[in-house]
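Letter by letter, the chains look like this.
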Amino acid sequence: MSALVSLVVPVRDAASAKSRLAADGGAEAHARRAALAAAIALDTVSAARAARRVGELIVVGALPQPIEGVRVVDDPGFGLLVAIGAGLAVADPAAPTAVLLGDLPALQPADLDAALVAASEHHWAFVPDAEGEGTTLVVASAGLPHSLRFGPGSAEQHRDAGYVELDVPERSGLRRDVDTLEQLAALGRLAEAGSVLLGPRTSALL
């Protein structure tokens with residue numbers, strides 16, 4: 001059985017996160033966006049914490065509510081890659097390390113477990129988003145540094161950096177990150193069709 005993974009999840013403050021999920025800039029829209037961002041983050045982290053292949057779980061940033069078994073460290077405030085670096089810096093150096101985006105409201109623990117087990121067959125591995133352009137998860141074997149490429153076109157860049165793409169179904173919640181209203185609507189349709197299961201907090205708001 002593969003070793004337990006030290007998992008880093010960057011989470012932005014809900015008040016400033018997910019600006020593309022608001023149809024307008026009014027106060028009501030801002031409040032809805034903040035509530036939704038908080039729900040998505042909590043559902044993602046809760047699912048990750050329930051995964052059996054995850055050892056220590058480190059959240060970088062602001063977790064809207066405490067979750068048992070989750071360590072929270074401050075975000076240095078210089079962007080996503082610096083935030084991730086802050087989490088990796090305090091992770092167990094003897095364990096494999098992984099970075100999971102904090103906006104996966106349909107994530108299921110079993111899907112994350114399966115990906116982490118598959119990743120243990122490679123030095124570096126990654127999971128692309130549903131569109132095949134971004135990245136939702138990267139994993140590195142114990143003792144190996146990451147070469148992170150999060151941002152536009154990160155899937156291809158992670159391939160070029162030596163990460164092996166894992167075979168994860170397109171409809172898996174592990175590939176369904178939510179950055180835009182279109183992605184949120186698509187995920188809602190999949191949930192209505194029974195193709196994905198949304199986390200309870202996100203589902204309640206939708």
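Let me begin by describing the structure that accompanies this report. The shown structure was predicted, so the numbers you read here are calculated from the model rather than taken from an experiment. Every residue gets a number counted from 1 within its own chain, in the order that chain's sequence is written. A pLDDT threshold of at least 70 governs which residues receive local features in this predicted model, and a stricter bar of 80 or more applies before side-chain atom pairs are shown or counted, although totals over entire chains, interfaces and linings include all residues. For the side-chain quantities, the full set of heavy atoms in the structure was used; hydrogens and water were omitted.

Side note on the pattern of salt bridges
Part 1 of the argument: Put simply, a salt bridge is a Lys or Arg side-chain nitrogen that is within 4 Å of an Asp or Glu carboxyl oxygen. Counting across every chain of the model gives five salt bridges.
Part 2 of the argument: Note that D43 is salt-bridged to R201, the shortest N-O span being 3.0 Å. Here D43, found in helix 1 (residues 27-50), pairs with R201, found in helix 6 (residues 200-205); they are 158 residues apart in sequence, far enough to count as distant.
Part 3 of the argument: Judged by its relative accessible area of 5%, D43 falls in the buried class.
Part 4 of the argument: Across the salt bridge formed by R159 and E165, the nearest N and O atoms sit 2.8 Å from each other. A run of H or I in DSSP counts as a helix once it spans at least four residues, and a run of E counts as a strand once it spans at least two, with each numbered from the N terminus. Only protein chains enter the accessibility calculation, which uses a 1.4 Å probe. A residue is then buried if its area is under 20% of the maximum for its type, exposed if over 50%, and partly exposed in between.

Details of the nonpolar core
Part 1 of the argument: Nonpolar cores were defined as sets of buried Ala, Val, Leu, Ile, Met, Phe, Trp, Tyr and Cys residues, with membership established by side-chain atoms within 4.5 Å. Ranked by internal contacts, the top residues of the largest apolar core, which has 31 residues, are L7, V45, L57, L100, L112, L137 and L174.
Part 2 of the argument: Elements supplying a minimum of two residues to this core: strand 1 (5-11), helix 1, strand 2 (54-61), strand 4 (97-100), helix 3 (109-119), strand 5 (124-128) and strand 6 (135-140).
Part 3 of the argument: Should any heavy atoms of two residues lie within 4.5 Å, those residues are counted as being in contact. Excluding anything up to four places from it in sequence, V45 contacts V9, V11, L57, V59, L63, I67 and V70.
Part 4 of the argument: By size, the runner-up hydrophobic cluster in this structure holds 16 residues, among which are V8, I58, V73 and F150.

Description of the sheet that holds strand 2
Part 1 of the argument: Only when DSSP finds a minimum of two bridges between them are two strands counted as paired. Spatially, the seven strands line up as an open sheet ordered 3-2-1-4-6-5-7, and their pairing is mixed. Lying at the two open borders of the sheet, with one neighbouring strand each, are strand 3 (70-73) and strand 7 (164-165).
Part 2 of the argument: Pairing of strand 4 with strand 6, which is carried by four bridges, proceeds in the antiparallel orientation. Considered in strand 6, the bridge of L100 is made with L137.
Part 3 of the argument: For helices, the fitted axis covers only the stretch in contact; all axes are lines through C-alpha atoms, and the angles between them, taken along N-to-C directions, range from 0 to 180 degrees. Along the sheet, helix 2 (residues 80-89) contacts strand 1, strand 2 and strand 4; its crossing angle with strand 1, the most-contacted strand, is approximately 145°.

With respect to helix 2
Side chains that are three or four residues apart share a direction in an α-helix, a result of its 3.6 residues per turn.
Part 1 of the argument: Every buried residue of helix 2 is accounted for by A83, I84, A86 and G87. End-on, the buried residues of helix 2 take up no more than an arc of 155°, which puts them together on one face. Starting at the helix axis, one direction is taken to each C-beta atom, and the arc is that of these directions.

Things to note about the environment of F126
Part 1 of the argument: Among the structural elements, F126 can be located in strand 5.
Part 2 of the argument: If sequence neighbours within four positions are ignored, F126 has contacts with T135, L137, V138, A155, H158, R159, Y163, V164, E165 and L166.

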